[in-house]
Structure formats: C-alpha cells, structure tokens
Amino acid sequence: MIERDWYRRVDRSMPHPARMYDYYLGGKDNFEADRKAADEVLRVLPEARLMALENRAFLGRTVRFLAAAGIRQFLDIGTGLPTQGNTNEVAHEVAPDARIVHIDNDPMVLVHARALLADRHDGPTVVVEGDVRDPDAILGHPDVRAVIDFDQPIAVLLVAILHFVRDSEEPAGIVERFKRAMAPGSHLVISHGTQDFDPERSAEAVRPYDSATAPFVTRSGAEIERFFDGLEMVDPGMVRLPLWRPDGDPPPYLDAIWVYGGVGRRA
C-alpha cells in the first residue's frame, strides 16, 4: 500500500544522500537542497558522478553474479531511489523466483519504490522502512521475515551505505550483526568510499554532507576490508569498483574512482 502522506514526511530543506545520489545519476527525484549540496561536491570532485555510475554498475554485476551462482534471497539495505538496474530487476532477469527485500529510511524512496513494484509480477519483492543503524529492527521486521528465510543462503547488500554511518555508531558492529544472521553459503556485498588516493580533496569533497541527513565518512582500504572479517573473499577480492569482475576492459578513468567494492562468502 502506497503512503498518501509521504510528501509531508520529507524534509525538503535538508539534503539527503539518496536524493543527492539520484542527482549524480541524472535523476529528477531530488530537491533544491539536494542539488545544491551535490553541486558543491561536484565542484571539488567532478569525478563523483563517475563514482556514482560505477557504483550502480558494481551493484548490477554483483547481483547478477550471485543470482547466477544460485542465491535466491537478497536483502538490499539503503536501496536508494529506484532507477534502471534495481536489485530486483537484475536478480529477476537471471532468477525470476528470487525473493527481494529493499530497505530504506527515506519516505520518498519508499513511495517511489512501492509504486514501481506495484506494476511488476516477478518473484516476491517488498519495500520496508528501516535504518541500517538498527539491524535488529530490520532482521526482525515481519515483512522481512515473510520474504526472507534466514535458514537459507542470502545476499546482504550494503552498497554505498556504510560510509553514511559514523564511527560512533559502530559500523563494524552493525556489519557483524548482519553476518551473524547469514546462513552458510550467504554473501555480503559492500561498496564504500575511501580517502586513500587523495585525503585532502576527499575531506573537502565530503564536507557538504555535514549538513545532510547523514555525514559521509571515508575510510581506508584496510578499515573497509575489516568489514569482511570471517568471510571468504570472492575473487578478485576487495578492489576499486570497475575492477570487480568487469564486463570488459577497465575504464580509462580508473584512477578517478575512489570507491572500493567486494563480496565475501560465509563458509
């Protein structure tokens, strides 16, 4: 059921990372505050648009890979505004019976995603309001439990979401909680921004997020890799996004992509 009062729940005066990401991707589901903050990022880091596009491509490749490998349950946390190549679209191209749960905390995302899914007739797919910072609420939500069987392998997607979790909010503990809920044979997908390649410009570029609903916290490759502790890394391990099982040759702008991505498997 699509909410009728969602518009009143949206604070249009405050930038939201999901709507800024939509703007980077060329979408129209954003407000002036989102565009203003995103333009400040792009002024310092024009490559941010390329990073957003590569992140979307990484999501598609990982979901396609996992669906082809037999995964039939996907928990996509921080799904963002629906665009072409959503998790459910990609998964259902490979496995029409795949079961998908999209999680987000932005009312605008929720209503748009539910409207999009209303016209689809693929495998079970639901959109649930939730926040990555409260994993127990997500894992215990009745709508999640109705679709996901946690006794069977699942894919947990934390794509471009953990860098919106402050260190004080214990991102490693959040990831561990999701890992504990994953049955053997499950996979964890993470992409995360880093300051490794230009710390000074990275710090300046993420500053506009300080006035958004969540800050952007860059982390080193070593810090990001620790999120996969206890899991077997799927080849090629944690790499810059375009290097994760690319469909062709790496792009000529590889050095401009300051985001790592990887997939870990629970044995």
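Anything mentioned here points back to the structure above.
Residues numbered from 1 in each chain as written. Predicted model: local features only at pLDDT ≥ 70, side-chain atom pairs only at ≥ 80, totals over all residues. Heavy atoms only, no water.

Asks: Describe the overall build of the chain, listing the residues and the values that go with them.
Replies: Within the chain, the secondary structure is distributed over 11 helices and 8 strands. Structurally, the chain occupies a C-alpha span of about 45 × 45 × 35 Å along its principal axes. Sorting the 267 residues of the chain into buried and exposed places 55% on the buried side. Of all intrachain contacts in the chain linking residues separated by at least 6 positions in sequence, the fraction that spans at least 24 positions is 74%. Roughly 11,900 Å² of accessible area belongs to the chain as shown, and the carbon and sulfur atoms make up 49% of that amount. (Helix = DSSP H or I, 4+ residues; strand = E, 2+ residues; numbered from the N terminus. Buried < 20%, exposed > 50% of the residue type's maximum accessible area, 1.4 Å probe, protein only. Contact = heavy atoms within 4.5 Å. Areas by Shrake-Rupley, 256 points an atom, 1.4 Å probe, with all protein chains shown as cover.)

Asks: Can you lay out the packing of helix α2 (residues 17-24) against helix α4 (residues 48-68) for me, pointing to particular residues and giving the numbers?
Replies: The axes of two packed helices give the description: the angle between them and the distance between them. Where α2 contacts α4, the axes come no closer than 9 Å and their chain directions differ by 100°. As judged from the angle between their axes, α2 and α4 are roughly perpendicular. For the pair α2 and α4, the contacting residues are Tyr 21, Tyr 23 and Tyr 24 in the first and Arg 49, Ala 52, Asn 55 and Arg 56 in the second. Of the residues contributing to the contact of α2 with α4, the split by class is 4 nonpolar, 1 polar and 2 charged. (Axes fitted to C-alpha atoms, helices over the stretch in contact; angles between N-to-C directions. Parallel < 35°, antiparallel > 145°, perpendicular 65-115°, else oblique. Nonpolar A, V, L, I, M, F, W, Y, C, P; charged D, E, K, R; others polar.)

Asks: Let's hear about the environment of His 102: which residues, and what values?
Replies: Within the element layout of this structure, His 102 appears in strand β2 (residues 99-104). Look at His 102 and you get buried, because its relative accessible area is 4%. Considering only alpha carbons, one finds His 102 and Ala 256, 154 residues apart in sequence, at a separation of 29 Å. A polar contact of 3.1 Å, which involves the side chain of His 102, links it to the side chain of Asn 88. (Polar contact = N/O pair within 3.5 Å; in protein donor to acceptor, adjacent residues only side chain to side chain.)

Asks: Tell me about helix α9 (residues 171-180), and please be specific about residues and values.
Replies: Considered for burial, the residues of α9 that qualify are Pro 171, Ile 174, Val 175, Phe 178 and Lys 179. End-on view of α9: buried residues confined to an arc of 140°, all on one side of the axis. Buried residues belonging to α9 abut β1 (73-77), α7 (135-140), β4 (155-159) and β5 (187-193). (Arc of directions from axis to C-beta.)

Asks: Tell me what's going on with the environment of Pro 15, and back it up with residues and numbers.
Replies: Looking at the element boundaries, Pro 15 is found in the loop between α1 (6-9) and α2. For the pair formed by Pro 15 and Ala 212, sequence separation is 197 residues and the distance between their alpha carbons is 4.5 Å. Apart from the residues lying within four places of it in its own chain, the contact partners of Pro 15 are Met 20, Ala 33, Asp 34, Ala 37, Ser 211, Ala 212 and Thr 213.

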